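Spelled out from the first residue to the last, the chains are:
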Amino acid sequence: MPQRLEPAPPAFNRRKILIHTAAAGALAASVGVPRWARAQSGPMRIVVGYPPGGGTDRAARLVADRLQQLLKRTVVVENRVGAGGRLAAQQLVNTPPDQTVLLLANPAVMSVSPLIYKDLKYDVQKDYVPVAAVTDYDFGVAVGSALPVKEVQHMLAWIRANPTKANAGVPGTGSLPHFFSLMLSYMAQVNIEVVGYRGSAPLITDLIGGQIPLAFDTLDSLLPQHEGGKLRILATSGLKRSPFSPTVPTFKEQGLPLSAVGWNTFFAPSTTPRATVELLSKAVFQIMSEPETRAKFTAAKMVPVAMTQAQTEASFKAFNTQWTPVIRRSGFKPES
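Chemist: Tell me about unusual backbone geometry, and please be specific about residues and values.
Modeler: The phi torsion of most residues other than glycine is negative, and most of the peptide bonds are trans. Despite not being glycine, Ala83 shows a phi value in the positive range, around 55 degrees. Checked against the element boundaries, Ala83 lands in the loop between β2 (75-79) and α5 (86-91). Residue Gln189 is not a glycine yet carries a positive backbone phi of 55 degrees. With respect to the secondary-structure elements, Gln189 resides in the loop between α9 (176-188) and β6 (193-196). For Gln189, a relative accessible area of 48% corresponds to the partly exposed category.

Here it is in structure tokens:
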């Protein structure tokens, strides 16, 4: 049964924290190999808990290529697939301090899993240190052509008028789009029955075919069929319109004070020496400030971000403050 709970907590302004200026990029590009990077030697690893070819993997490889040039050392990307990314996080706990390794992870691994899995074999707060943010991504709500609504307020009115039909598909129960749909339902005070799918592909197929009226997913998953005219994205979740869908308004523009983003962020095992964490944070910050790197991310339909380590830690804390009440109040429990 759908749950009707208290309104979601206010969203944090992650993008207000970001360093997105051309001046920062120009400065980074002019530095060359900084003094703090020259003392590093030996190979380092970037571990990704997902298969090659996905967004997290692509982001890792773009950074790894430039990191190898900047640090003058071998940087290897490893894909350790399993348990929705949790296996990689589990395996890096207690990494020897003389091994340099970074985990590129998303909220599912570092924010959601600690709240819903009782037997998780890693403790994010004790076992990991946020190092540097790399990308942001928006969420969107979309409807199929069979549903005659074209903006968020019309969608909410339709949900209230059709409570038995207000089913919303998400790419997986326990996913961030799932909890974003609940965040919206709490804030707008509407009841939505969430239907979990095994991935975005079957969800979008059913949305286009009219088997389900609404879908919540990441923007990159919805965008191709929106551009092809097979579904309509009604709103995106960022504080401002996405550069990849500039004609689609945000929820806030449509009178619903809701904003939220997902992310890919580098974490280091807590066994990593502090000096190494600081060095890697500076390196990634420089890379993500460079115009050439940012252009590569944008071309890959990813929003690049550059943050210092302090900003990354503050952003991670604010994200958890926003989402933890939503996840806990949902009462969601994974099947396994």
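Chemist: Just give me the short version of the packing of aromatic side chains, but keep the residues and values in it.
Modeler: Taken as a whole and assessed by the stated rule, the structure comprises twelve aromatic pairs. Summarising the aromatic geometry, the rings of Tyr137 and Phe139 are spaced 5.8 Å apart at their centres and angled 75 degrees between planes, so their arrangement reads as edge-to-face. On the basis of relative accessible area, Phe139 is assigned to the buried category, the value being 0%. Seen from their ring centres, Phe179 and Phe332 are 5.9 Å apart, and the 85 degrees between their planes marks the pair as edge-to-face. Of this pair, Phe179 sits in helix α9 while Phe332 sits in the segment after α14 (309-330), and the two are 153 residues apart along the sequence. The ring of Tyr117 has Arg86 sitting right over it, with the charged end atom 4.0 Å from the ring centre.

Chemist: Give me the lowdown on the pairing of β6, citing residues and values where you can.
Modeler: In this sheet, β6 lies alongside strand β5 (residues 167-170) in parallel orientation, the contact comprising four bridges. Opposite Val170, over in β6, you have Gly196 as the bridge partner. Following the backbone out of β5, through α9 and into the adjacent parallel β6, one traces a crossover that is right-handed.

Chemist: Would you mind going over the packing of α9 against α14 in detail, with residue names and values included?
Modeler: The geometry of α9 relative to α14 is characterised by a closest axis approach of 10 Å and an angle of 85 degrees between their N-to-C directions. As the angle between them shows, α9 and α14 are arranged roughly perpendicular. Residues Leu176, Phe179, Phe180, Leu182, Met183 and Tyr186 of α9 pack against Phe319, Gln322, Trp323, Val326, Ile327, Arg329 and Ser330 of α14. Looking at the contact of α9 with α14, its residues break down into ten nonpolar, two polar and one charged.

Chemist: Give a detailed account of the pairing of strand β1 (residues 44-48), specifying residues and quantitative values.
Modeler: Burial of β1 is extensive: five of the five residues sit out of reach of the surface. Going residue by residue along β1, you find Met44, Ile46 and Val48 tucked away on one face and Arg45 and Val47 tucked away on the opposite face as well. In this sheet, β2 lies alongside β1 in parallel orientation, the contact comprising five bridges. Opposite Val47, over in β2, you have Glu78 as the bridge partner. For the handedness criterion, the β-α-β arrangement of β1, helix α4 (residues 55-71) and β2 is classed as right-handed. Bridge count between β1 and strand β3 (residues 100-105): five bridges; the pairing is parallel. Looking at β3, one finds that Val48 is bridged to Leu104.

Parameters at a glance
- Residue numbering note: each chain is counted from 1, following its sequence as written.
- With pLDDT at 70 or above as the cut-off, local features in this predicted model cover only qualifying residues; side-chain atom pairs require 80 or more to be listed or tallied, and sums for whole chains, interfaces and linings still use all residues.
- Heavy atoms throughout the structure, all of them, feed into the side-chain values; hydrogens and water do not.
- The secondary structure listing takes helices from DSSP runs of H or I that are at least 4 residues long and strands from runs of E that are at least 2 residues long, numbered from the N terminus.
- To sort residues, take the accessible area from a 1.4 Å probe on protein chains only and compare it with the maximum for the residue type: under 20% means buried, over 50% means exposed, and anything in between is partly exposed.
- In this scheme Phe, Tyr and Trp rings, the latter by its six-membered ring, pair at centre separations within 6.5 Å, and the angle between planes marks the pair as stacked below 30 degrees, edge-to-face above 60, and tilted otherwise.
- Here, a charge over a ring is recorded when the distance from Lys NZ or Arg CZ to the ring centre is within 6 Å and its angle to the ring normal is within 35 degrees.
- The pairing criterion is simple: DSSP has to find at least two bridges between the two strands.
- The handedness of a crossover follows from its direction of travel: if, with the strands pointing away from the viewer, the path from the first strand over the helix to the second runs clockwise, the crossover is right-handed.
- In this description, a line fitted to the C-alpha atoms serves as the axis of each element, helices being fitted only across the stretch in contact, and the angle between N-to-C directions of two axes falls anywhere from 0 to 180 degrees.
- Roughly parallel means an angle under 35 degrees; roughly antiparallel means over 145; roughly perpendicular covers 65 to 115; every other angle is labelled oblique.
- Here, residues are in contact when the closest pair of their heavy atoms is within 4.5 Å.
- In this count, Pro and Cys sit with the nonpolar residues alongside Ala, Val, Leu, Ile, Met, Phe, Trp and Tyr, while Asp, Glu, Lys and Arg are called charged and the others, Gly among them, polar.

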